[in-house]
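# Coordinate analysis (summary)
Take a look at the letters that make up each chain.
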Amino acid sequence: MSLLVIVIALAICFDFINGFHDAANSIATVVSTKVLSPLQAVLWAAAFNFLAYFLLKDHKVAATVAKTVHEQFITLDVILAGLIAAITWNLITWWFGIPSSSSHTLIGGFAGAGMTNAMFMHQSALGAINMGPIIQIIAFIFLAPFIGSFIGFAINAAMLHICKNAKPSKAEVWFKRLQLISSGALSFAHGGNDAQKVMGIIYISMIAGGALPAKADMPEWIPLACYSAIALGTMSGGWKIVKTMGTKITKVSPLEGFSAETAGAVTLFVTEKFGIPVSTTHTLTGSIIGVGLTKRVSAVRWGVTINLIWAWIITIPISALIAAAVFAVVRNF
């Protein structure tokens, strides 16, 4: 039981870190356009993170994450190793200001530990993971930013057309107001998508630890704890990544910030509805790129963007390798 408590505590800790690591997703554009101060922005984002607790009750994303590794290979040691790997990679990327995916590092760590457990059991490593969810998750590493980019381009182009005869100063005032709505929607979607991933991990931990029977309903304290943790994490900020997301990819105006945030929120709402665990970071990055493309191709700083894409590609395998090493150690205790 003590190991179960440690695993749950680490999961909630990861959720908190997820909040401050991904705070930039919700606040980067609204801060860079000076619609809100950094302090106002994190409080605004945290409030909408937590609001998702009251309105999202289907938990489809949590169910998908819980099915990443087949039940016979899930132990508390596997979950512990996956969480340690995810926290480690999150802190490394946060320190260097790299907007990597908290979602993918968690899933990569969990899968890597499960595969290692299978090998210690003299079974196929690939046989430990549920290929359906894994293929879906890997596909959306590329699809989510592409979809966000397409929607961001379309919304921004439409707004530019609608406002082509408007007085620039008046249009800017209106889009600054609209950014409050779009950033709130993005934060709501971020909370709903990312908190559920940890909910799925805690739920299977309870089953693996014998505290819940298989296929039992999720206790209400799990979503409450997860939404609270991610909201508190968001309140603590993530300033290194704000700079990358808000200024280094492309310079954004209030209109462009509104378009990018709206595109990101729409993409996350749709994927959450279908239970697809996507990266908020990847989605918003794609949305910002799409907005930049409405100006000109050179408006996007492609050198920065390519570096981000490499970070996305390596997150799952590196997290899996860290988890494998950690599991090899913790299984002996």
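Notes on the structure follow. From a predicted model like this one, the values you see are computed outputs, not experimental measurements. (Residues numbered from 1 in each chain as written. Predicted model: local features only at pLDDT ≥ 70, side-chain atom pairs only at ≥ 80, totals over all residues. Heavy atoms only, no water.)

The next subject is the overall build of the protein chain. In terms of regular secondary structure, the protein chain is built from 12 helices and zero strands. In sequence order, the protein chain lays out its α and β elements as α-α-α-α-α-α-α-α-α-α-α-α. Since a compact globule built from 333 residues should have a radius of gyration of about 20 Å, the 20 Å found for the protein chain is in line with a globular shape. Across its three principal directions, the C-alpha atoms of the protein chain cover 70 × 35 × 30 Å. The buried share among the 333 residues of the protein chain stands at 57%. (Helix = DSSP H or I, 4+ residues; strand = E, 2+ residues; numbered from the N terminus. Rg over C-alpha atoms; globule rule 2.2 N^0.38 Å. Buried < 20%, exposed > 50% of the residue type's maximum accessible area, 1.4 Å probe, protein only.)

To continue, consider the environment of G152. Note that G152 resides in helix α6 (residues 131-162). Residue G152 is classed as buried on the basis of its relative accessible area, which comes to 0%. Once residues within four sequence positions are removed from consideration, G152 is found in contact with S259, A263, S287, G290 and V291. (Contact = heavy atoms within 4.5 Å.)

This next bit is on the packing of helix α7 (residues 168-208) against helix α10 (residues 254-273). Taken N-terminus to C-terminus, the directions of α7 and α10 make an angle of 25°; their axes are 8 Å apart at the nearest point. When the axis of α7 is compared with that of α10, the two are roughly parallel. Both α7 and α10 take part in a crossing whose hand is left-handed. Grouping the amino acids of the contact of α7 with α10 by side-chain chemistry returns 12 nonpolar, 10 polar and four charged. (Axes fitted to C-alpha atoms, helices over the stretch in contact; angles between N-to-C directions. Parallel < 35°, antiparallel > 145°, perpendicular 65-115°, else oblique. Left-handed = near helix turned anticlockwise from the far one by under 90°. Nonpolar A, V, L, I, M, F, W, Y, C, P; charged D, E, K, R; others polar.)

If you trace the backbone, K215 turns up in the loop between α7 and α8 (221-235). Among the residues examined, K215 registers a relative accessible area of 76% and is labelled exposed. For the pair K215 and S259, spaced 44 residues apart in sequence, the C-alpha separation works out to 41 Å. Discounting residues that sit within four places of it in the chain, K215 has contacts with Y203 and I207.

On to the packing of aromatic side chains. Following the criterion strictly, the structure yields nine aromatic pairs and no others. For the ring pair Y53 and F54, a centre distance of 5.0 Å and an interplane angle of 70° mean the geometry is edge-to-face. Arranged with centres 5.9 Å apart and planes meeting at 50°, the rings of F188 and F269 form a pair that is tilted. Highlighted residues: F188 in helix α7 and F269 in helix α10, separated in sequence by 81 residues. Note on F188: relative accessible area 11%, which makes it buried. By relative accessible area, which is 35% here, F269 ends up partly exposed. (Phe/Tyr/Trp six-rings, centres within 6.5 Å; stacked < 30°, edge-to-face > 60°.)

Further remarks concern the pattern of salt bridges. Side-chain pairs of opposite charge can arise where the charged atoms are in close proximity. Applying the stated rule across the entire model yields three salt bridges. Between E172 and K176 there is a salt bridge, with the nearest N and O atoms lying 3.8 Å from each other. Of this pair, E172 and K176 are both found in helix α7, four residues apart, which corresponds to roughly one turn of the helix. (Salt bridge = Lys/Arg side-chain N within 4 Å of Asp/Glu carboxyl O.)

Formed by 58 residues in total, the largest nonpolar core has its most connected members in I79, L83, F110, I201, I202 and I204. Residues in contact with L83, not counting those within four places in the same chain, are V7, L10, A11, F14, L106 and I201. The next biggest cluster of nonpolar side chains, apart from the first, holds 13 residues, and it includes V252, L268, I288 and V291. (Core = buried A, V, L, I, M, F, W, Y, C linked by side-chain atoms within 4.5 Å.)

Our next topic: the packing of α7 against α8. Axes are the key here: two packed helices are described by the angle between their axes and the distance separating the axes. Between α7 and α8, whose axes approach to 9 Å, the crossing angle comes to 135°. Between α7 and α8, the interaxial angle falls into the category oblique. Here the hand of the crossing between α7 and α8 comes out right-handed. Of α8, the residues touching α7 (which contributes H190, G191, G192, D194, A195, Q196, V198, M199, I202, Y203 and M206) are W221, I222, P223, C226, Y227, I230 and T234. Partitioning the contact of α7 with α8 into residue classes produces 12 nonpolar, five polar and one charged.

This brings us to helix α2 (residues 38-55). With 18 residues, α2 ought to run about 26 Å at 1.5 Å a step, and its terminal C-alpha atoms sit 26 Å apart, in line with that. Within α2, burial applies to A41, V42, A45, A46, N49, A52 and Y53. Across the axial projection of α2, the buried residues extend over an arc of 140°, all falling on one side. Exposed side of α2, more than 90 degrees from the buried face: L39, F54 and L55 are the residues found there. (Expected span 1.5 Å × (residues − 1). Arc of directions from axis to C-beta.)

In this model, H59 sits at a positive phi of 55°, which is unusual for a non-glycine residue. Looking at the secondary structure, you find H59 in the loop between α2 and α3 (60-66). At H122, a position not held by glycine, the phi torsion is positive, near 60°. You can see H122 is positioned in the loop between α5 (102-120) and α6. Among the residues examined, H122 registers a relative accessible area of 75% and is labelled exposed.

In short, geometric facts, not functional conclusions.
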